[in-house]
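Here is how the chains run, residue by residue.
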Amino acid sequence: MKYVFLLCGMLFINSTFANATDLYSFSTENQQRQFNTLIHELRCLVCQNQTLAESNAGLALDLKNQIASKLRLGFSSAQIKEYLIQRYGETILYMPPLSKHTWILWFGPFALLLGGCGSLIFCIVARGSEARPG
Amino acid sequence: MTISRALKSFIPFIILSVIGFFLWQALGEDLRKIPSPLINESTPEFSPPNLLNPKLQLNKKLFLGHVTLLNVWATWCSVCMSEYPIFMDIARSHLVSVVGLDYKDERTDALNWLHEHGNPFNEIGYDESGNTGIDWGVYGIPETFIIDKQGVVRYKYVGKISRVVWEKTFLPKILALQ
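A brief report on the enclosed structure follows. (Residues numbered from 1 in each chain as written. Chains lettered and ligands numbered in written order. Predicted model: local features only at pLDDT ≥ 70, side-chain atom pairs only at ≥ 80, totals over all residues. Heavy atoms only, no water.)

## With respect to the overall build of chain B
At step 1: For chain B, the count of helices and strands is seven helices and five strands.
At step 2: Mapped from its N terminus to its C terminus, chain B presents α and β elements in the order α-α-β-α-α-β-α-β-α-β-β-α.
At step 3: Relative to a compact globule of 178 residues, whose C-alpha radius of gyration would be 16 Å, chain B shows 22 Å and is clearly more extended.
At step 4: Its C-alpha atoms give chain B principal-axis dimensions of roughly 85 × 35 × 30 Å.
At step 5: A total of 178 residues make up chain B; the buried ones form 43% of that total.
At step 6: Across chain B, every contact between residues at least 6 apart in sequence was considered, and the portion connecting residues at least 24 apart equals 71%.
At step 7: Looking at chain B as shown, the accessible area adds up to about 9,900 Å², and 59% of this sits on carbon and sulfur atoms.
At step 8: Taken together, the 17 basic and 18 acidic charged side chains of chain B have centroids lying 10 Å from each other. (Helix = DSSP H or I, 4+ residues; strand = E, 2+ residues; numbered from the N terminus. Rg over C-alpha atoms; globule rule 2.2 N^0.38 Å. Buried < 20%, exposed > 50% of the residue type's maximum accessible area, 1.4 Å probe, protein only. Contact = heavy atoms within 4.5 Å. Areas by Shrake-Rupley, 256 points an atom, 1.4 Å probe, with all protein chains shown as cover. Lys, Arg positive; Asp, Glu negative; His and termini not counted. Charge placed at Lys NZ, Arg CZ, Asp CG, Glu CD.)

Shown next, in the form of structure tokens:
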């Protein structure tokens with residue numbers, strides 16, 4: 001029976017944890033770290049709900065190659081992001097930037113939640129005070 | 001029930017209608033289409049090798065002096081192949097200069113296709129690596145750009161150009177740029 005458990009346990013060795021960035025080699029650890037960060041911050045435009053890190057689409061691989069080669073040439077993360085935004089627009093950033101255009105996107109849901117809770121509390125309190133005998 | 005209470009009970013309905021309107025609007029859009037930052041900018045770098053003669057390189061000066069359609073295609077892209085006949089018609093009309101970018105394709109496959117089906121393009125670039133495509137923000141071919149006489153990108157269309165799309169979307173824009 002314990003062998004059944006052992007076999008089941010082996011199924012949980014999740015190979016997707018294997019670091020795909022091992023395919024890209026860098027001379028400095030700093031560049032390696034920058035690469036890892038960048039590919040998690042940029043969107044795959046083919047499978048648009050995935051980051052470049054998660055996606056194996058052709059374009060994602062091409063972009064990862066470009067990012068790696070630019071890092072090796074000494075470009076900074078900011079420069080690489082700018083390079084991609086120039087070509088693909090801000091959609092390529094996985095997290096929308098926080099600007100005066102996007103504050104509704106960032107804070108809207110919380111504001112609506114607070115507003116909803118607020119009016120709910122108000123209704124409960126108001127109804128409570130109505131029901132209280134004169 | 002007083003009038004003000006009756007009116008107040010409409011507030012959730014109004015709020016829901018507004019939200020519902022935005023939902024209805026968004027449902028009609030293809031949210032996968034990405035707006036291009038190249039619109040109203042000078043064309044990006046364009047110097048891929050010439051598909052027909054790889055020793056030669058194309059140059060972005062090729063976009064100057066006339067309205068150009070740049071069509072990014074590949075033989076492995078079935079939608080690109082299905083819009084081929086319309087490009088043959090566009091080329092025959094001599095309304096615009098038609099330039100092709102063969103994207104991440106096998107050169108022999110492309111040459112065979114052209115030999116068999118005809119060549120609507122004035123010039124064709126061969127982008128084996130996809131790097132020229134990256135410079136133009138290519139993410140899902142077929143993609144077609146309208147470039148004006150000064151070499152400024154005026155419009156980008158992602159997807160198959162049907163006759164309706166040609167007549168309703170492309171033709172008016174091209175005529176306005178002549």
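Having seen the model, we can carry on.
## Focus: unusual backbone geometry
Residues and elements named next belong to chain B.
At step 1: Ile 141 connects to Pro 142 through a cis peptide bond whose omega is 5°.
At step 2: Phi at Asn 40 is positive, roughly 65°, even though this residue is not glycine.
At step 3: Assignment of secondary structure puts Asn 40 in the loop between helix H2 (11–27) and strand E1 (68–73).
At step 4: One non-glycine residue, His 94, lies in the positive phi region at around 55°.
At step 5: For His 94, the location among the structural elements is in the loop between helix H4 (84–93) and strand E2 (97–103).

## A closer look at the layout of surface pockets
At step 1: Approximately 560 Å³ is the volume found for the largest pocket.
At step 2: Taken together, the elements giving at least two residues each to the lining of the largest pocket come down to helix H5 (103–131) of chain A together with helix H1 (3–8) and H2 of chain B.
At step 3: Its residues assigned to classes, the lining of the largest pocket shows seven nonpolar, two polar and four charged.
At step 4: Surrounding the second largest pocket, Arg 43, Glu 90, Thr 91, Leu 93, Pro 96, Pro 97, His 101, Thr 102, Ile 104 and Leu 105 of chain A form its lining.
At step 5: Residue composition of the lining of the second largest pocket, grouped by class: five nonpolar, three polar and two charged. (1 Å grid on protein atoms, 1.4 Å probe; cavity = no way out; pocket = protein on both sides within 12 Å on 5 of 7 lines; lining within 4 Å. Points joined across faces, edges and corners; volume = space filled by probe spheres on them. Nonpolar A, V, L, I, M, F, W, Y, C, P; charged D, E, K, R; others polar.)

## Quick word on the interface of chain B and chain A
At step 1: Chain B puts 16 residues into the contact, and the matching count from chain A is 15 residues.
At step 2: In total, about 1,200 Å² of surface goes out of reach between chain B and chain A, with carbon and sulfur atoms giving 49% of it.
At step 3: For the pair chain B and chain A, the number of links is two salt bridges.
At step 4: For Asp 62 of chain A, the salt bridge is made with Lys 104 of chain B, and the minimal N-O distance between the two is 2.6 Å. (Buried area = accessible area lost by both parts, 1.4 Å probe. Salt bridge = Lys/Arg side-chain N within 4 Å of Asp/Glu carboxyl O.)

## Some words on the nonpolar core
At step 1: Of all hydrophobic cores here, the largest spans 71 residues; its most connected members are Ile 67 of chain A together with Phe 46, Leu 69, Leu 70, Trp 136 and Phe 170 of chain B.
At step 2: Of the residues forming this core, the biggest block, six residues, is contributed by helix H3 (residues 58–72) of chain A.
At step 3: What Ile 67 of chain A contacts, discounting residues up to four positions off in sequence, is Phe 35, Leu 38, Leu 42, Leu 52, Ile 80 and Leu 84 of chain A. (Core = buried A, V, L, I, M, F, W, Y, C linked by side-chain atoms within 4.5 Å.)

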